[in-house]
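# Understanding the architecture of this molecule
Chain residues, written in single-letter form:
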Amino acid sequence: MAVAELVKSIAQTTDLVDTYVPGHRTCAGCGPALAYRLVAKAAGKNTIFVGPTGCMYVANTSYACGPWAVPWTHAQITNAGAVASGIAEAFRMMIKKGKIQDEFPNIIVMAGDGGCSDIGLQAMSAMFYRGHKVLCVMYDNESYANTGIQVSPSTPYGATTMFTPAGPEIPEAKKHHLKDPMAIFCSGGHPYIKYGATASIGYPIDLMNKVRKGLAQDGPAFIHLQCTCPKGWSFPSDRTIEISKLAVETGMWNLYEVEDGDWANKKFTNVPKNRKPVDEYLQTQGRFSHLQSEHVVKIQSFVNKRAKTLGMEVPLPPAK
Ligand SMILES: Cc1ncc(C[n+]2csc(CCOP(=O)(O)OP(=O)(O)O)c2C)c(N)n1
Ligand code: SF4
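Residues numbered from 1 in each chain as written. Chains lettered and ligands numbered in written order. Predicted model: local features only at pLDDT ≥ 70, side-chain atom pairs only at ≥ 80, totals over all residues. Heavy atoms only, no water.

Our next topic: the site of ligand 1. Residues in close proximity to ligand 1 total 16 residues, the closest being Cys 55, Gly 114, Gly 115, Tyr 139 and Asn 146. A distance of 2.9 Å separates an oxygen atom of ligand 1 from a polar atom in the side chain of Asn 141. Ser 143 has a polar backbone atom sitting 3.0 Å from an oxygen atom of ligand 1. Burial of ligand 1 by the protein chains amounts to 75% of its free accessible area of 590 Å². Counted by class, the shell around ligand 1 contains five nonpolar, 10 polar and one charged residues. (Near = heavy atom within 4 Å. Polar contact = N/O pair within 3.5 Å; in protein donor to acceptor, adjacent residues only side chain to side chain. Areas by Shrake-Rupley, 256 points an atom, 1.4 Å probe, with all protein chains shown as cover. Nonpolar A, V, L, I, M, F, W, Y, C, P; charged D, E, K, R; others polar.)

The structure is reproduced here in structure tokens:
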């Protein structure tokens, strides 16, 4: 892997060019919009974005405009992996045949959780398996947001969405725990993925460095980026960052990297000294307001078990 130049401080980021510029119809306090800005800043000018249908396509481009100061193309929600593969191959061949003198660009897919781990999973998996030099960032707002907040495989257990309302039959709203794309993509099933990471907009330097490390790979890389969504999760728009951090502090979100494809030796980043109880996180969001104490206990057990499975050494609150 080429060594990526790492970002050391927020102050240093002011020298980086913004290629995701003001002017888009995202919600006030939109986590994915901030994610886009940070990913674009970390990647720099020689970048092409691929945007499968979702909020970060529709909200950014409505109508007939777009906030990217670098090339961007729309993809279907089903096929961003295939579109990015085509772009990567076109550049590879044009450079190889001497048709263009350009440097190989950063090719970044910004896919929602639906567009990456559900409807778009097949094309993404195939892209990873073929080994194209593409960074896939799954900006995870934990629902199909653009269509009005419907359940996705990323929606946590216990969250209400339009398709998982809480009611007498299913008082906890969403019945299932979530699907983990890191385990699917980065634990060995996709041998060309040497670098994978989870990230959060609450930890912007960590996020930007993970983007740079991902882009420095000779093949595909994957970043699973949690993005708080004030509309979908029902919280005030000025709490986007606070709730992102609380996710990590409670273990609802874990930050780690997998380098050289070494899943067994994950590197944990920004690990809290102690874990806060999940209830502190759940209480900040309307999507969890119906939960009863037995559901909260279930979520705490899930979080504790997941930390153990990942191999994180951090004192956990008991699941009572
Ligand atoms: C094949 C297909 N099915 C359904 C849709 C409708 N659709 C448009 S945006 C969207 C939600 C996308 O969700 P996600 O990928 O999680 O991104 P988000 O909107 O949450 O940012 C859906 C289902 C579509 N555009 N194409
Ligand atoms: S619904 Fe969520 S992801 Fe979509 S624009 Fe609003 S805050 Fe952003």
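Turning our eyes to something else, we now look at helix α8 (residues 204–215). In this model, α8 (12 residues) spans 16 Å end to end at C-alpha, consistent with the 16 Å of a helix rising 1.5 Å per residue. Turning to α8, its buried residues number three or more, namely Ile 205, Asp 206, Leu 207, Met 208, Asn 209, Lys 210, Val 211, Arg 212, Lys 213, Gly 214 and Leu 215. (Helix = DSSP H or I, 4+ residues; strand = E, 2+ residues; numbered from the N terminus. Expected span 1.5 Å × (residues − 1). Buried < 20%, exposed > 50% of the residue type's maximum accessible area, 1.4 Å probe, protein only.)

Let us look at the site of ligand 2. Looking at ligand 2, the residues that line it are Thr 26, Cys 27, Cys 30, Pro 32, Cys 55, Asn 141, Cys 229, Pro 230 and Lys 231. Class assignment of the residues belonging to the shell around ligand 2 gives a composition of six nonpolar, two polar and one charged.

Further remarks concern the pairing of strand β6 (residues 221–226). For a regular strand, side-chain orientation follows a simple rule: the groups alternate between the two sheet faces. Burial analysis of β6 places six of its six residues in the buried class, the great majority of the element. Burial along β6 is two-sided: Ala 221, Ile 223 and Leu 225 facing one way and Phe 222, His 224 and Gln 226 facing the other are all buried. Relative to β6, strand β4 (residues 135–140) runs parallel, the two sharing six bridges. If you follow Leu 135 over to β6, its bridge partner there is Ala 221. By the bridge criterion, six bridges tie strand β5 (residues 195–200) to β6 in an arrangement that is parallel. Counted as the bridge partner of Thr 198 is His 224 from β6. Considered for its hand, the β-α-β crossover made up of β5, α8 and β6 is right-handed. (Pairing = 2+ DSSP bridges. Right-handed = clockwise from strand over helix to strand, strands pointing away.)

Looking now at the nonpolar core. In this structure, Val 39, Phe 49, Ile 108, Leu 135, Val 137, Val 211 and Leu 225 are the most contacted members of the largest nonpolar core, which totals 36 residues. Of all the secondary-structure elements, those providing two or more residues to this core are α2 (31–43), α3 (55–61), β3 (106–112), β4, β5, α8 and β6. Ranked by the residues each element gives to this core, the list is headed by α2, at eight residues. Core analysis: the next-biggest nonpolar cluster, separate from the first, contains 30 residues, Ala 88, Phe 185, Tyr 256 and Leu 310 among them. (Core = buried A, V, L, I, M, F, W, Y, C linked by side-chain atoms within 4.5 Å.)

Tallying each qualifying case throughout the model produces 10 salt bridges. Here Glu 89 ties to Arg 92 by a salt bridge, and the two come within 2.9 Å at their closest N and O atoms. Pair noted here: Glu 89 and Arg 92 are both in helix α4 (residues 80–96), with a separation of three residues, about one helical turn. We classify Glu 89 as partly exposed; its relative accessible area is 28%. (Salt bridge = Lys/Arg side-chain N within 4 Å of Asp/Glu carboxyl O.)

Once that is clear, we can look at the packing of aromatic side chains. Counted by the stated rule, this structure contains 12 aromatic pairs. Between Trp 68 and Trp 72, the ring centres sit 4.5 Å apart and the planes meet at 5°, which makes this aromatic pair stacked. Each member of the aromatic cluster is reached from another via a ring pair, and the members are Tyr 20, Tyr 36, Phe 49, Tyr 57, Trp 68 and Trp 72. For Lys 266, the ring lying beneath its charged end belongs to Trp 263, and the centroid distance is 4.3 Å. Of note, Arg 287 hangs over the ring of Trp 233, and the distance from its end group to the ring centre comes to 3.8 Å. (Phe/Tyr/Trp six-rings, centres within 6.5 Å; stacked < 30°, edge-to-face > 60°. Lys NZ or Arg CZ within 6 Å of the ring centre and 35° of its normal.)

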